[in-house]
Amino acid sequence: MLLSSVECVRRTIKWYKKLFFHLIDLSLLNAYSAYKTCTGLKISLADFQFQLIREIFTKYATQNKNLCRHSITCLPERLQERHFPSMVPPASKKSIPQRRCTVCQNKFNKRKDTTYKCIKCDVGLCPVPCFEIYHTQEKYF
């Protein structure tokens, strides 16, 4: 009878989801009745569920490792350090070595080959304007 009020809320979901939630509700109800008989405390089912949720959150909560939002330490290396363009070194097969420009490919959605790259990032970039875009904007695409 305690679970009958929950059934009317979940009429439109798939049968396997309904079965899953019904099993969860049954296990919560069994835990609630065992809690009442063991402790002798009389609390409502809703209060028991909230208390259980709080306990789960406190036990399994994880600390957010990236607490800063827009400080310098959160920025990627391509935005912090000094970067300089250089020519793509020659390979054994090509006389004029080229790479695809990352910014043109992601931002402008076109394939453009370039003979320049960033030394530190090791990414192919057009000298103007893609090199500046890649090293000054956090979201360049």
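Attention in this report is confined to the structure presented alongside it. (Residues numbered from 1 in each chain as written. Predicted model: local features only at pLDDT ≥ 70, side-chain atom pairs only at ≥ 80, totals over all residues. Heavy atoms only, no water.)

With that settled, consider the overall build of the protein. Helices and strands together make up the secondary structure of the protein, namely six helices and four strands. Along the protein, helices and strands appear, N-terminal first, in the series α-α-α-α-β-β-α-β-β-α. A burial count over the protein gives 21% of its 141 residues as buried. Long-range contacts, defined here as pairs at least 24 residues apart, represent 42% of the contacts in the protein between residues at least 6 apart. With the model as given, the accessible surface of the protein reaches about 11,500 Å², and the carbon-plus-sulfur share is 58%. (Helix = DSSP H or I, 4+ residues; strand = E, 2+ residues; numbered from the N terminus. Buried < 20%, exposed > 50% of the residue type's maximum accessible area, 1.4 Å probe, protein only. Contact = heavy atoms within 4.5 Å. Areas by Shrake-Rupley, 256 points an atom, 1.4 Å probe, with all protein chains shown as cover.)

Right, let's get into the environment of Leu 125. Topologically, Leu 125 is positioned in the loop between strand E4 (116–118) and helix H6 (130–136). Residue Leu 125 is classed as buried on the basis of its relative accessible area of 1%. Measuring from C-alpha to C-alpha, the distance between Leu 125 and Cys 104 comes to 8.2 Å, with 21 residues separating the pair along the chain. With sequence-adjacent residues up to four places away left out, Leu 125 is seen in contact with Cys 101, Thr 102, Val 103, Thr 114, Tyr 116, Lys 117, Cys 118, Cys 130, Phe 131, Tyr 134 and His 135.

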